[in-house]
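So you can see what is in the structure, the chains are spelled out below.
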Amino acid sequence: DVAPHTHDYIELAYVTKGTLYHHAGGHTEKVMPGDYFIIDQSLSHAYSFCGQPAIVINCIFQPVFLDPTLRHCRTFEDVLKSYLFSFHERFQFRPYSGTVIRDETGEILRLLLKIEKEYTQPGPATTELRRAYLTEINIYTIRQILPDALPESDAVSYIQAAIRQRYMEPLRLEEFAEALHMEPPSLSRKFARTCGYGFKEYLQRCRIEQ
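Figured I'd write up the structure that's included with this text. Residue indices begin from 1 for each chain and proceed along its sequence in written order. In view of the model being predicted, local features appear only for residues whose pLDDT reaches at least 70, and side-chain atom pairs are presented and counted only at 80 or more, with totals across whole chains, interfaces and linings using the full set of residues. Values shown for side chains rest on all heavy atoms present in the structure; no hydrogens or waters enter the calculation.

## Structural notes on the layout of surface pockets
- There is about 260 Å³ of room inside the second largest pocket.
- A pocket here means an open set of points on a 1 Å grid, computed over the protein atoms alone, that has protein on both sides within 12 Å along at least five of seven lines. A cavity is instead a set of points where a 1.4 Å probe fits but cannot get out; residues with an atom within 4 Å of a point line either one. Along its surface, the second largest pocket is lined by Ile 57, Asn 58, Cys 59, Ile 60, Phe 61, Phe 65, Leu 112, Ile 115, Glu 116, Tyr 119, Arg 130 and Leu 134.
- Working definition: helices are DSSP H or I runs of at least four residues, strands are E runs of at least two. Numbering for both runs from the N terminus. The element contributing the most residues to the lining of the second largest pocket is strand S5 (residues 45–61), with five residues.
- Gly falls in the polar group here, along with every residue not listed as nonpolar (Ala, Val, Leu, Ile, Met, Phe, Trp, Tyr, Cys, Pro) or charged (Asp, Glu, Lys, Arg). Its residues assigned to classes, the lining of the second largest pocket comprises nine nonpolar, one polar and two charged. Grid points are joined across faces, edges and corners, and a volume is the space filled by probe spheres set on the points.

As structure tokens, then:
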């Protein structure tokens, strides 16, 4: 077991084997292989193990590693709201840092192992690659937590921002509905009422403007 402690960096902990209980922010969650969580600076947390011994990959970093302008960032939410990601201004990184996130696709583990390889077998531009892989991890984490982090009232704003950034892609309203856990007809009506245009017309207007 690991006693309650704090640290002056952001920690990403990924369980690859065994089961443990993670205690943080007054909450306790069971963590299994393929789960990970992110701990902010100064947040007290602890582990208690159950069953077979667990193996945990720890990726620790200061926000300033991603960019010098993040020198004063202290939380993962601050990082995600920085210009690097420009995520929605009302975004909240769950009720507390330490919430367990499921790596459904295995993408997070793949990137962590690539970071590890850059430490054990460094080559040219190894720091830049580590920074790039960590940035990818942050982006995939946003994707995982999006349905719970973004209020339904902000769904239209999220889609508008995505269209402005990805207007050259073959975008479909059904894909956004699935990501936001909403029914396509309901989302379509909400989008039209808010924007004054249907999804397809809004997309076409953005393409013409660009």
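So that's the structure; there's more coming.
## A short note on the nonpolar core
- Residues Leu 12, Tyr 36, Ile 38, Leu 112 and Ile 137 are the most contacted members of the largest nonpolar core, which totals 25 residues.
- Those elements that place two or more of their residues in this core are strand S2 (10–24), strand S4 (35–39), S5, helix H1 (76–80), helix H2 (107–120) and helix H3 (126–149).
- Considering each element in turn, this core owes the most residues, five residues, to H3.
- Beyond its immediate stretch of four places on either side in the chain, Ile 38 contacts Ile 10, Glu 11, Leu 12, Phe 76, Phe 93, Ser 97, Gly 98 and Thr 141. The term nonpolar core refers to a set of buried residues drawn from Ala, Val, Leu, Ile, Met, Phe, Trp, Tyr and Cys, joined through side-chain atoms within 4.5 Å. Accessibility here uses a 1.4 Å probe with only protein chains present; expressed as a share of the type maximum, an area under 20% marks a residue as buried, one over 50% as exposed, and anything in between as partly exposed. Contacts: residue pairs with any heavy atoms within 4.5 Å of one another.

## So, the environment of Val 31
- Secondary-structure assignment places Val 31 in strand S3 (residues 27–31).
- Sequence separation of Val 31 and Ala 54 is 23 residues, and the distance between their C-alpha atoms is 9.9 Å.
- Setting aside chain neighbours within four positions, we find Val 31 in contact with Val 15, Gly 18, Thr 19, Leu 20, His 22, Phe 37 and Val 100.

## Quick look at the packing of aromatic side chains
- To pair, rings of Phe, Tyr and Trp, with the six-membered ring standing in for Trp, must have centres within 6.5 Å; the planes then decide the type, stacked if under 30 degrees apart, edge-to-face if over 60, and tilted in the middle. Within this structure, the stated rule accounts for seven aromatic pairs.
- Pairing Phe 37 with Tyr 47 gives two aromatic rings, centres 6.0 Å apart and planes at 65°, and the pair type is edge-to-face. Taken together, the residues Phe 37 in strand S4 and Tyr 47 in strand S5 connect sequence positions 10 residues apart. No difference in accessibility class separates Phe 37 from Tyr 47, as the two residues are buried.
- Ring-pair connections join several aromatic residues into one group, and the members of that group are Tyr 158, Phe 176, Phe 191, Phe 199 and Tyr 202.
- Above the face of the Tyr 119 ring, Arg 130 is positioned so that its terminal group lies 4.0 Å from the ring centre.
- Lysine NZ or arginine CZ positioned within 6 Å of the ring centre and within 35 degrees of the ring normal marks a charge as sitting over the ring. We note Arg 131 situated over the ring of Phe 65; from NZ or CZ to the ring centre the distance is 5.0 Å.

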